[in-house]
Amino acid sequence: MTLRKHAAAIFRAALAAADPAAAVTRYLSRRNFSRYRHIYVLGAGKAGASMAQAAERVLKSRITSGLINVKYGHTARLRRIELNECGHPVPDAAGAEGASRIAAIAESAGADDLVLCLISGGGSALLPLPAEGIALEEKQATTRELLACGANIHEINALRKHISRIKGGQLARLAAPAAVEALLLSDVIGDNLDVIGSGPTAPDASTFAEVAAIVAKYKLEVPASVRDHIDRGVRGGIPETPKPGDPLFTRVRNTVIGSNRMALDAAARAARKLGYRTLILSSEIQGETREIARMHAAIASEIVRTGHPIKPPACIITGGETTVTIRGKGLGGRNQEFALAAATDIAGLERVVIFSAGTDGTDGPTDAAGAIADGRTLARHPDAQRFLDNNDSYHYFEPLGDLIKTGPTNTNVADVRLILVSQASEPARRPKA
């Protein structure tokens, strides 16, 4: 079996460990919900469909009703919970309409009821309920600015929470005095409760002042209504999001049921079964995609030359989520750009494969999860720098057949990156067509 096939097998093991349906089933099966008069299932995220299926299997007729915003195409057949398809990564009118209905259901819950929230990666963009005075189009423009500027997920979500009526603990505030049980599939570094899906049921540690600093840091050209809203928040003219210690959280429980680290651990087990010496470098990798890619390429080169930090056959695994500063007009995503940037630095290394893919099956606005590269990638398609300069990694890898296409995976625990280095006697070979 080739290095490329091994990389695909290791990634599949990571996806299996991130199965949200299994995680929801395990959690709900251990809980007793008999004391609640009504159970409302609400939420948002790319894994919403499979999480909802699991909730229906366990709770059955105990569910009064439910509504979950999901990305277009990420659906499933359900009986009691409605799935509302909407836009991601830029929110759209369908998402806003669904978020408004979710807020209304939460507000209708009483003290004897349970609001079960199912939140997964992408939940922030899929739950757009703009603050008073901000139009959806203005929130869309702000989201585009954020995605293009190179801000990390923590910064993006801090701003999203403060121009929303539902994020940053505000869904929990709407649901009070009902009990709230939130099951979280984490796609963020560190699994911070207030960052996953922009923390609709978690205390929010970020402030309007920090959001103003983010706008200034990246010189964001946000709409006037957004800037005015932030300025009024800084001056105290708008209530802050609920903070740690707020009494409303006494009836709220947030539980992380799946994470990037869990996926990486499963990938490591699969790699060891395939005979690799394996090292999980970190599940918290973040930063500019091209720089992180070149760091990975340097590690691959070091393994080939010196056998450090581990000897071949070697598998280095990393997770987290990098950011791309968009300067061109091409098509791609952070994982495809990672693979292309790495390819330029591993050119000529015959025993190396570098793989990067998103666990949600979607990398940027494309139908690919990521891409794979080896030491011969540049020889097969030499014009890599032009494609990098135009942020056009998709069209670089497409003719090579080196895009990773999984289709919607119905999960999302950030990205999985692999460096595979074979022994000198076992050079990497492309599989026959």
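Now for a description of the structure that goes with this document. Numbering of residues starts from 1 in every chain and runs along the sequence as written. Only residues with pLDDT of 70 or above have their local features reported here, since the model is predicted, and side-chain atom pairs are shown and tallied only from 80 upward, although totals for entire chains, interfaces and linings are computed over all residues. Calculation of side-chain values draws on the structure's entire complement of heavy atoms; hydrogens and water are dropped beforehand.

A closer look at helix α6 (residues 153-162)
The line we're drawing: Burial classes: relative accessible area under 20% of the type maximum marks a residue as buried, over 50% as exposed, and values in between as partly exposed (1.4 Å probe, protein chains only). Secondary structure is summarised from DSSP: a helix means a run of H or I of at least four residues, a strand means a run of E of at least two, and numbering begins at the N terminus for each. By definition in these notes, contact holds between two residues if any of their heavy atoms fall within 4.5 Å. Pairs of N or O atoms within 3.5 Å make up the polar contacts considered here, provided that, within protein, one atom can donate a hydrogen while the other can accept it, and that residues adjacent in sequence are counted only when both atoms are side-chain atoms.
Within α6, nine of the 10 residues are buried, leaving the element largely enclosed by the surrounding structure. Along α6, the residues that are buried comprise I153, E155, I156, N157, A158, L159, R160, K161 and H162. Looking at the packing, one finds that the buried side of α6 touches α5 (136-149), α7 (170-175), α8 (208-217) and α9 (224-234). In this structure N152 caps α6, since a side-chain oxygen of it lies 3.0 Å from the backbone nitrogen of H154.

Quick look at the sheet that holds strand β12 (residues 415-421)
Put simply, the test is: Two strands make a pair as long as DSSP finds a minimum of two bridges between them. Where helices are involved, their axes are fitted lines through C-alpha atoms of the stretch in contact, as for all axes, and angles between N-to-C directions lie from 0 to 180°.
Read from one edge to the other, the open sheet built from six strands follows the order β7-β8-β12-β9-β10-β11, with strand pairing classed as mixed. For this open sheet the edge positions go to β7 (277-285) and β11 (403-404), each flanked by a neighbour on one side alone. Sheet analysis places strand β8 (residues 314-320) next to β12, joined by seven bridges and oriented antiparallel. Residue C315 lies in a different strand from β12, and its bridge partner there is L420. In this fold helix α1 (residues 3-17) packs onto β8, β9 (352-358), β10 (370-374) and β12, with an angle of close to 150 degrees to the strand it touches most, β12. Packed on one face of the sheet, helix α12 (residues 334-345) meets β9, β10, β11 and β12 and runs near 10 degrees to β10.

Topic: the packing of α6 against α8
Basically, it comes down to this: Between 65 and 115 degrees an angle is taken as roughly perpendicular, under 35 as roughly parallel, over 145 as roughly antiparallel, and anywhere else as oblique. Note on convention: the crossing is left-handed when the near helix lies turned anticlockwise from the far helix by less than a right angle, right-handed when the turn is clockwise.
Where α6 meets α8, the axes come as close as 9 Å, and the angle between the chain directions of the two elements is 125 degrees. It follows that α6 is oblique to α8 by the angle criterion. You can see that α6 and α8 cross each other, and the crossing is left-handed. For the pair α6 and α8, the contacting residues are E155, A158, L159 and H162 in the first and F208, V211, I214, V215 and K217 in the second.

Some details on the pattern of salt bridges
Formally: We count a salt bridge whenever a side-chain nitrogen from Lys or Arg sits within 4 Å of a carboxyl oxygen from Asp or Glu.
Taken as a whole and assessed by the stated rule, the structure comprises 24 salt bridges. The salt bridge partner of E321 is R334, with a shortest N-O separation of 3.1 Å. With a gap of 13 residues between them, E321 in the loop between β8 and α12 and R334 in helix α12 connect regions that are remote in the sequence. D402 is the partner of R380 in a salt bridge, and the nearest nitrogen-oxygen pair spans 3.0 Å. Of the two residues, R380 is situated in helix α13 (residues 377-380) and D402 in the loop between α15 (393-397) and β11; the sequence distance between them amounts to 22 residues. Here R380 falls in the partly exposed class, since its relative accessible area comes to 31%. For D402, a relative accessible area of 1% translates into the label buried. Via salt bridges that share partners, K161, D194, D204, E240 and K243 belong to a single interconnected network.

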